[in-house]
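Chain residues, written in single-letter form:
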Amino acid sequence: MTAKRSMLVSATFPVLKTERLTLRRLSIDDRQAIFALRADPKINEFLDRPICKTDEDAIDFINKVNDNVAKGNTRYWAVTLTETKTLVGTICLFDFSSESSSCEIGYELMPEFQGQGIMREAAQAVIDYVFQTLKFKKILAFTHYGNQNSTNLLLKLNFVKSIETDKENANLNIFTLHNNSASTEG
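Keep in mind the model is a prediction, meaning the values are calculated, not measured.

Parameters and conventions
- Residues numbered from 1 in each chain as written.
- Predicted model: local features only at pLDDT ≥ 70, side-chain atom pairs only at ≥ 80, totals over all residues.
- Heavy atoms only, no water.
- Pairing = 2+ DSSP bridges.
- Helix = DSSP H or I, 4+ residues; strand = E, 2+ residues; numbered from the N terminus.
- Contact = heavy atoms within 4.5 Å.
- Axes fitted to C-alpha atoms, helices over the stretch in contact; angles between N-to-C directions.
- Expected span 1.5 Å × (residues − 1).
- Buried < 20%, exposed > 50% of the residue type's maximum accessible area, 1.4 Å probe, protein only.
- Arc of directions from axis to C-beta.
- Core = buried A, V, L, I, M, F, W, Y, C linked by side-chain atoms within 4.5 Å.
- Polar contact = N/O pair within 3.5 Å; in protein donor to acceptor, adjacent residues only side chain to side chain.
- Phe/Tyr/Trp six-rings, centres within 6.5 Å; stacked < 30°, edge-to-face > 60°.
- Lys NZ or Arg CZ within 6 Å of the ring centre and 35° of its normal.

## Here's the deal with the sheet that holds strand 2 (residues 21–25)
Inference 1: Strand order in the open sheet formed by eight strands is 1-2-3-4-5-6-8-7, with mixed pairing between adjacent strands. Every other strand in the sheet has two partners, leaving strand 1 (16–17) and strand 7 (160–165) as the edge strands with one partner each.
Inference 2: Of the strand pairs in this sheet, strand 5 (residues 102–109) and strand 6 (residues 138–144) are connected by three bridges, and their pairing is parallel. Across the sheet, the residue bridging to E104 is L140, located in strand 6.
Inference 3: On the sheet, helix 2 (residues 31–39) packs against strand 4 (87–97) and strand 5 and is oriented at approximately 75° with respect to strand 4.

## Describing helix 4 (residues 55–70)
Residues that lie three or four places apart on an α-helix share one face, since the helix turns once every 3.6 residues.
Inference 1: The first and last C-alpha atoms of helix 4 sit 23 Å apart over 16 residues, in line with the 22 Å expected at 1.5 Å per residue.
Inference 2: When we look at burial in helix 4, the residues that qualify are A58, I59, F61, I62, V65, N66 and V69. Buried residues of helix 4 fall within an arc of 160° about the axis and therefore sit on the same side.
Inference 3: Looking one or two residues beyond helix 4, the residue adopting positive phi is G72, at roughly 80°.

## Points about the environment of L172
Inference 1: Looking at where L172 falls in the secondary structure, it is placed in strand 8 (residues 172–178).
Inference 2: For L172, the contacting residues outside a window of four places in its chain are F142, T143, H144, T165 and D166.

## As for the nonpolar core
Inference 1: Judged by nonpolar contacts, the single largest core of 51 residues is most densely connected at L93 and F159.
Inference 2: Per-element accounting of this core gives the leading share, 11 residues, to helix 5 (residues 118–134).
Inference 3: Not counting the four nearest positions on each side in its chain, L93 is found in contact with N73, T74, R75, W77, C103, E104, I105, V126, Y129, V130 and L134.

## Points about the side chain of E108
Inference 1: Its place among the elements puts E108 in strand 5.
Inference 2: On the basis of relative accessible area, E108 is assigned to the buried category, the value being 6%.
Inference 3: Within the structure, the side chain of E108 is placed 2.6 Å from the side chain of R49, a separation counted as a polar contact.
Inference 4: Apart from residues lying up to four places away in sequence, E108 is in contact with L37, R38, I43, L47, R49, Y76, G89, T90 and M119.

## Let's talk about the packing of aromatic side chains
Inference 1: Inspection of every chain in the model, using the stated rule, returns four aromatic pairs.
Inference 2: A centroid spacing of 5.8 Å and a plane angle of 55° characterise the contact between F13 and W77, whose relative ring orientation is tilted. Of this pair, F13 sits in the loop between helix 1 (3–10) and strand 1 while W77 sits in strand 3 (residues 74–81), and the two are 64 residues apart along the sequence. Neither F13 nor W77 differs from the other in exposure class; each is buried.
Inference 3: Ring centres of F61 and Y76 lie 5.7 Å apart, and the angle between their planes is 70°; on these two criteria the pair is classed as edge-to-face. Of the two residues, F61 sits in helix 4 while Y76 sits in strand 3, which places them 15 residues apart along the sequence.
Inference 4: Taken together, the aromatic side chains of F13, W77 and Y129 make up a single cluster linked through ring pairs.
Inference 5: In this arrangement the basic side chain of R38 is found over the ring face of F61, its NZ or CZ atom lying 3.7 Å from the centre.

In short, geometric facts, not functional conclusions.
Here it is in structure tokens:
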């Protein structure tokens, strides 16, 4: 097991806080919100995944996520409004690579909360965690060419679009964010 993977397995799950948000681990109590996210046709329009059909699907998903968190395969946060504790979306890190010092980021946000800067705020907290705590040098993001909201978010966060598309799915654009502070530190 690599040192970084070991850190992901043994570390206490990180709760991240921003001005408006608390990013915390998923729990079974989140099943209704997870069902709403994973059953929403607008959210799933650009995602290649089965639509959530039952409460049991949501519970199975939460259990699978938490198993992967425990194994160090992912970091998966419930994005909640701190004031009301309302789950409004999720954000995750996965596909950790010690060799390339990188990981991939993914996110989803309830439609009624889009356009308020919430995901940008959540993503910035996760980016800071990746570069400052995990000490990775690169974050990858894949987004469907038709998902302009996601593309705009990545560009606002200073991700750079690759001229190449994903080899397995030509509908996906690849974005990369490098830790520029790593090269400027003395």
